[in-house]
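The lines below spell out each chain.
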Amino acid sequence: MSPTSETAKGGRRLVIVESPAKAKTIKGYLGPGYVVEASVGHIRDLPSGAAEVPEKYTGEVRRLGVDVNNDFEPIYVVNADKKAQVKKLKDLLKDSDELFLATDEDREGEAIAWHLLEVLKPKVPVKRMVFHEITKAAIQEAVATPRELNKRMVDAQETRRILDRLYGYEVSPVLWKKVMPKLSAGRVQSVATRLVVERERERIAFRSAEYWDLTGTFGTGRGGDASDPAQLIARLTTVDGKRVAQGRDFDSLGQIKGAGTLHLDEANARALAAGLENARFAVRSVESKPYRRSPYAPFRTTTLQQEASRKLGFGAKATMQVAQKLYENGFITYMRTDSTTLSDTAINAARTQVTQLYGADYLPDKPRTYAGKVKNAQEAHEAIRPSGDRFRTPAETGLTGDQFRLYELIWKRTVASQMKDAVGNSVTVKIAGTASDGRVAEFSASGKTITFHGFLKAYVEGADDPNAELDDRERRLPQVSEGDGLSCDDLSVDGHATKPPARYTEASLVKELEEREIGRPSTYASIIGTILDRGYVFKKGTALVPSFLSFAVVNLLEKHFGRLVDYSFTAKMEDDLDRIARGEAQSVPWLRRFYFGEGDATGAASDAGNGDGDHLGGLKELVTDLGAIDAREISSFPVGNDIKLRVGRYGPYIERGEKDSEGHQRADVQDDLAPDELTVELAEELLAKPSGDFALGTDPVSGNEIVAKDGRYGPYVTEILPEGTPKTGKNAVKPRTASLFKTMSLDTVTLDDAMALMSLPRIVGADAEGVEITAQNGRYGPYLKKGTDSRSLENEEQLFSITLEEALAIYAQPKVRGRAAAKPPLKELGEDPVSGKPVVVKDGRFGAYVTDGETNATLRAADSVEEITPERGYELLAEKRAKGPAKKVAKKAPAKKAPAKKTAAKKTAAKKTAASATKKTAAKKAPAKKTAAAAKKAAASAPAED
């Protein structure tokens, strides 16, 4: 029976989902008897600051939002921005006869449903409605077969939330005190940051090794074609049976690992090549094996993020934003899933399309099933696939841009998962020749031929390594037999150098976290977003680079909170949280052990972590004893030549010697310098640059000393005010300051230059109406200003040279919105894979940006015009598109003036007078304002939680 016909029997049903977009889609499937409304995400949560905590709670409860002494009771408050929506839901519920909670079918969704139940307090029957795709059939099935709320899932989610709150709110203040204000620590984000930092440490410690080998081009002596080439290229593998060293044979310090390997240097390699010039070569062996490759499993959350990064250039966050839109509009199934299983309906739909699109030869006799590889995968979810019992081809969807590309990726992967294996042959040919000195050199060539492409016709998985060979790549070798003679048509001597381990990309970091069983796949996108937003990591191209700040944070956590950032301990915590979800462990005893230290919270032995100061005490004990933490020591790192890198409150810097000592040197370090690029040579170069104050002379009018300085934002000139000059209050005097022009430097700037710079803005004159025109130097360059009308100048020198007549001529021209004349692009990046339009880098008012003519995306701090790659440009555009257009804030109508009240008069009087009686009256009116201000301040500085 359809929901519509059932509703006709009477009553109105309220269905609550999470997002307005989902509500709009579902409303069309349920008919007139249903009201579908969105909660717009979580309606309540732990308080973001003490000001939000009800007055009855005091002490630690107000700070944490959790009563740790009362079985870790959480204090929930309705979010300020959700109060209006809660009122709307309550009003709708009054006129309803039944309530359906239709939030997502995962722990987060189950928790939202429970919070709705707690806040709305319905007096009508309540049903839990779940679905994993938004199609008419799925929604009607969900209405017809509701279930009860799963309290076990709710408890598990609540435990995670409390754990993350305790971790974030206890550890983050330690970072504020010992490293820098407004930093954050989190159960998963800190471990993810540690992974990125450890990889950079490996790169810093890395020492390259040089090795050489030979590459030979051998001919069969007969004419070749596509199926039987005339030549093959083979690499030297052994000399007298001893394996020739390749990159994998060296450790990170450039030393050969183990014995029995021949390390060829350039001289030996060239001598061997010379000795093989007249050698006879013959095929020593031919080894042929069958090749078989099975289809890849359908997408789960992490594999979708990885593949979208490799093939589409999407970041994890952008991938989830696009996938969310596809899900809410009914194109794909739920996108936060650990499962690789497909329903029978989906398998039938995929097999039907295989037959229709590729023919029966590509369809296996039996449906393929895929076992889940993720430990503790969440219940009841399918893999990410096209929705419905008949898959729409990408062309049938009507989608465009990023949504089309991501849907196509999901569709291809799903269909391919139900196709036959790819089969063929792999061949290894070994060729030997004897050098003039009697040494026997053996070369090897590998080939692969695919006789039946199977699923590769539909889909080929990408690779993180751009040099990796993809599964559908064939390498055909000539048809040769053992003993066949070959000619050596070319023999090249090749030098190689080992490379440091590659930095993580978003895709490879997601893969690493999942393999270590740290965190939940559904949260990886937000975790990566957090460590980027907090400045712990920045991007260079697609690589994730740790900042110097993250080195200081990780250093502190490793030495004093070792267990909290230990990989196995964190994974074990995840396992315990899943045991709580399954009812195999109790939440409160576990939290008590974790926080108060009554035994090891994970049940692990004392070797769970090995940082200094790490023991089995609880979190509370660890954050109480801060005396052992030396703030300067944990933020200092040796560079070499007695130079140290230090992370200060205003950024990283290097210094040699102690402050105020003889010979002390100091220089700032750019925030976006990759740590492995800070070599001793670069450090010496930075220290050798002019630094400190450069005395330029005395201002002939004021008598103040004029100096030039090198600041974090560039060189500038300023005046030194006399001692006793008030710096605060109504009579405060600010020193005149001005940035140097781009054509100036600290070495060459003079007193006259400084006086001229500090004289700006300069009055050029006035127009016919008497309006003053000034020449000013601003953040975005030199300009003229007349009232509210500003006009750009071509160069900084015009600030001093432009005349009134020239200024009036500029104002006589119509004002051009944007740039008067299009500047040539700074760089061309090629055709955007989404819009098909050329992507270029341009110089804008707010700095360099990439654009395809439709979408603009500003370059990030770590991006540079010189180094930005096409892939990085496409990624920035994809992220910008995924965010959607900026929301316009509607202008409010001017409020009607209400008659003045006595209270207002008292407040005015309080501002104007210092009478204590008036102050007391005003104070009575103040608590609400103070509370709101405190809440705003607390929200801005609250530590982030995983």
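Residues numbered from 1 in each chain as written. Predicted model: local features only at pLDDT ≥ 70, side-chain atom pairs only at ≥ 80, totals over all residues. Heavy atoms only, no water.

Caption draft 1: Looking closely at the packing of aromatic side chains. In this structure the tally under the stated criterion is 19 aromatic pairs. Between Tyr34 and Phe100, the ring centres sit 6.4 Å apart and the planes meet at 50°, which makes this aromatic pair tilted. On the criterion of sequence distance, the pair formed by Tyr34 in strand 2 (residues 34–38) and Phe100 in strand 7 (residues 98–101) is long-range, its members being 66 residues apart. Residue classification places Tyr34 among the buried positions, given a relative accessible area of 3%. Ring geometry for Trp590 versus Phe594: centroids 5.9 Å apart, planes at 0°, classification stacked. Taken together, the residues Trp590 and Phe594, both in helix 19 (residues 587–596) and 4 residues apart, mark about one turn of the helix. Just as Trp590 is buried, Phe594 falls in that class too. (Phe/Tyr/Trp six-rings, centres within 6.5 Å; stacked < 30°, edge-to-face > 60°. Helix = DSSP H or I, 4+ residues; strand = E, 2+ residues; numbered from the N terminus. Buried < 20%, exposed > 50% of the residue type's maximum accessible area, 1.4 Å probe, protein only.)

Caption draft 2: Representation of the nonpolar core in the model. One finds Val179, Ile332, Leu406 and Ile654 to be the most contacted residues of the largest nonpolar core, which totals 142 residues. Here this core gets 9 residues from one element, more than from any other, and that element is helix 7 (residues 151–178). In this structure Leu406 touches Leu304, Ala308, Leu312, Thr319, Val322, Ala323 and Leu326, once residues within four positions along its chain are discounted. (Core = buried A, V, L, I, M, F, W, Y, C linked by side-chain atoms within 4.5 Å. Contact = heavy atoms within 4.5 Å.)

Caption draft 3: Local environment of the sheet that holds strand 32 (residues 838–844). If you trace the 4 strands from one edge of the open sheet to the other, you get 31-32-33-34, paired in antiparallel fashion. One side of each edge strand has no neighbouring strand; the edge strands of this open sheet are strand 31 (827–831) and strand 34 (856–858). Between one strand and the next, the sheet's axes are offset by a mean angle of 25°, whatever the strand orientation. Here strand 31 runs beside strand 32; their pairing, made up of 4 bridges, is antiparallel. Bridged to Glu831 within strand 32 is Pro838. (Pairing = 2+ DSSP bridges. Axes fitted to C-alpha atoms, helices over the stretch in contact; angles between N-to-C directions.)

Caption draft 4: Spatial organisation of the pairing of strand 2. Among the 5 residues of strand 2, 5 are classified as buried, and the element is accordingly described as predominantly covered. Every second residue of strand 2 is oriented toward a common face, with Tyr34, Val36 and Ala38 on one face and Val35 and Glu37 on the other, all of them buried. Sheet analysis places strand 1 (residues 13–17) next to strand 2, joined by 5 bridges and oriented parallel. In the sheet register, Arg13 faces strand 2, and the bridge partner there is Tyr34. Note on the crossover from strand 1 through helix 2 (residues 20–30) to strand 2: the handedness is right-handed. (Right-handed = clockwise from strand over helix to strand, strands pointing away.)

Caption draft 5: Focus on the pattern of salt bridges. Counted according to the given criterion, the structure contains 63 salt bridges. Between Asp578 and Arg160 there is a salt bridge, with its nearest N and O atoms 3.4 Å apart. With a gap of 418 residues between them, Asp578 in helix 18 (residues 567–581) and Arg160 in helix 7 connect regions that are remote in the sequence. An identical accessibility class is assigned to Asp578 and Arg160; each is buried. Residue Arg632 is joined to Glu658 by a salt bridge in which the shortest nitrogen-to-oxygen separation is 3.8 Å. Placement of Arg632 in helix 21 (residues 631–634) and of Glu658 in the loop between strand 21 (651–656) and strand 22 (665–668) is noted, with a sequence separation of 26 residues between them. Judged by its relative accessible area of 38%, Arg632 is partly exposed. Members of the salt-bridge network, linked through shared partners, are Arg107, Arg160, Asp164, Arg187, Arg520, Glu574 and Asp578. (Salt bridge = Lys/Arg side-chain N within 4 Å of Asp/Glu carboxyl O.)

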